Amino acid sequence: MKIKEKNEEYYKEHIGFLITLVPSYSLYEINKFFSEDLLVRGHLILISGLNTDDTTFLSDYKIDSTRYYEEQKHLTNTYIKAMISDKDRTSDPDFNFIRTLMEKELIDIYKRQKCLLPPTYFPAGVCAPGMRRLFVSPEGTFYMCERVGYHLPIGDIDNGIEITKVRNIISDYIILFDENCANCWSLCLCKHCFSSARKGENLSMDKRKEICEIQKNSIHNNLVLYMTILEKNPQSFDYMKEIKIS
Ligand code: SF4
Ligand code: SF4
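For the rest of this paragraph, the subject is the site of ligand 2. Every residue near ligand 2 is listed here: Phe177, Asn180, Cys181, Cys184, Ser186, Leu187, Cys190, His192, Cys212, Gln215 and Lys216. Contributing elements (two or more residues each) for the shell around ligand 2: helix 7 (163–182) and helix 9 (205–232). Classifying every residue of the shell around ligand 2 by side-chain character gives six nonpolar, four polar and one charged.

For the rest of this paragraph, the subject is the domain arrangement of the protein. Splitting the protein by domain gives domain 1 (2–110) and domain 2 (115–246). With centres defined by C-alpha atoms, the gap from domain 1 to domain 2 works out at 23 Å. Counting from both sides, the interface comprises twelve residues of domain 1 and, opposite them, 15 residues of domain 2. Those elements giving two or more residues to the side of domain 1 that touches domain 2 turn out to be helix 5 (66–84) and helix 6 (96–110). If you tally residues by element for the side of domain 1 that touches domain 2, the top one is helix 6, at six residues.

Looking now at the site of ligand 1. Every residue lining ligand 1 is accounted for by Gly125, Val126, Cys127, Arg133, Met144, Cys145, Arg147, Val148, Cys193, Phe194 and Ser195. Classifying every residue of the shell around ligand 1 gives seven nonpolar, two polar and two charged.

Ranked by size, the top nonpolar core spans 13 residues in total, and within it Tyr143, Met144, Val148, Leu152, Ile154, Tyr173 and Phe194 carry the most contacts. Among the elements of the structure, strand 4 (141–143), helix 7 and helix 8 (194–197) are those that each provide at least two residues to this core. The leading source of residues in this core is helix 7, at three residues. Every residue in contact with Ile154, bar those within four places of it in the chain, is listed here: Pro129, Gly130, Phe142, Tyr143, Met144, Ile161, Glu162, Lys165 and Val166. Core analysis: the next-biggest nonpolar cluster, separate from the first, contains ten residues, Phe34, Tyr79, Leu101 and Ile229 among them.

Time to look at the sheet that holds strand 5 (residues 155–156). Pairing within the open sheet is antiparallel, and its four strands lie in the order 3-4-5-6. Either end of the sheet is taken by a strand with one partner, and the two such strands are strand 3 (135–136) and strand 6 (160–161). Across two bridges, strand 3 lies against strand 4 in antiparallel orientation. By the bridge assignment, Val136 is partnered in strand 4 with Phe142.

Next up on the list: unusual backbone geometry. Here the bond from Pro23 into Ser24 is cis, since omega is 0 degrees, no more than 30 degrees from zero. Residue position: Ser24 is located in the loop between strand 1 (17–21) and helix 3 (27–36). Despite not being glycine, Leu152 has its phi angle at roughly 50 degrees, a positive value. One can find Leu152 in the loop between strand 4 and strand 5.

Cut-off values and rules
- Residues numbered from 1 in each chain as written.
- Chains lettered and ligands numbered in written order.
- Predicted model: local features only at pLDDT ≥ 70, side-chain atom pairs only at ≥ 80, totals over all residues.
- Near = placed C-beta within 6 Å.
- Helix = DSSP H or I, 4+ residues; strand = E, 2+ residues; numbered from the N terminus.
- Nonpolar A, V, L, I, M, F, W, Y, C, P; charged D, E, K, R; others polar.
- Domains from an automatic or database assignment.
- Contact = placed C-beta atoms within 7 Å.
- Core = buried A, V, L, I, M, F, W, Y, C linked by C-beta atoms within 7 Å.
- Buried ≥ 20, exposed ≤ 12 C-beta atoms within 10 Å, placed from the backbone.
- Pairing = 2+ DSSP bridges.

This is how it looks when you write it as structure tokens:
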């Protein structure tokens, strides 16, 4: 609020909001807030979900997801209608939250590699641990990132990144995923990485099976949404050409 009062122009151009959806939330209410409140209306927003690893939050609070799915369905229909109409809604502040909610995975589909897979393929979602991000504990231990949290250490402030630890983590990951991924139809769009394959202190085969099913269902649904819109309006996603993914 203070930044806005001091420099309205700066606030408009440079301030964005990172939203973490934590049940029990209402997508309708959040959409209303980001459409109507002048403090946030029209600003860049990024949306992520709750990481349910290492928490009993959902089971403790016995969250009923029916309302969430109903709202999601309704907003998806609103999104489809808007995207197949000829009106450009990409910079419409009334549509900002819905578009951001729906668009992320559709951008990945739009930007997917459109060629035959090479003989070796590095999974799209997996980082080289320690290369771009580092999560350092107060004691000085190095971890991959905040999503992996205080698990699977890769070094510390005295010794730097320990290549053997990184190699071992990658080897364990390859054992779990290699053959399955190589034969999986969703390989080019899959976002799994060390963070989603971890259970406790290790990468886990059970967890892999569980997350693969969820991931494939989600990619399937997004492909259906993408094609539903494209069939009605083949130009709907042309604006994504200008979007750069870093
Ligand atoms: S979320 Fe996954 S890919 Fe991203 S930095 Fe963490 S471990 Fe690497
Ligand atoms: S869904 Fe599972 S098997 Fe398929 S590419 Fe992703 S991690 Fe690999």
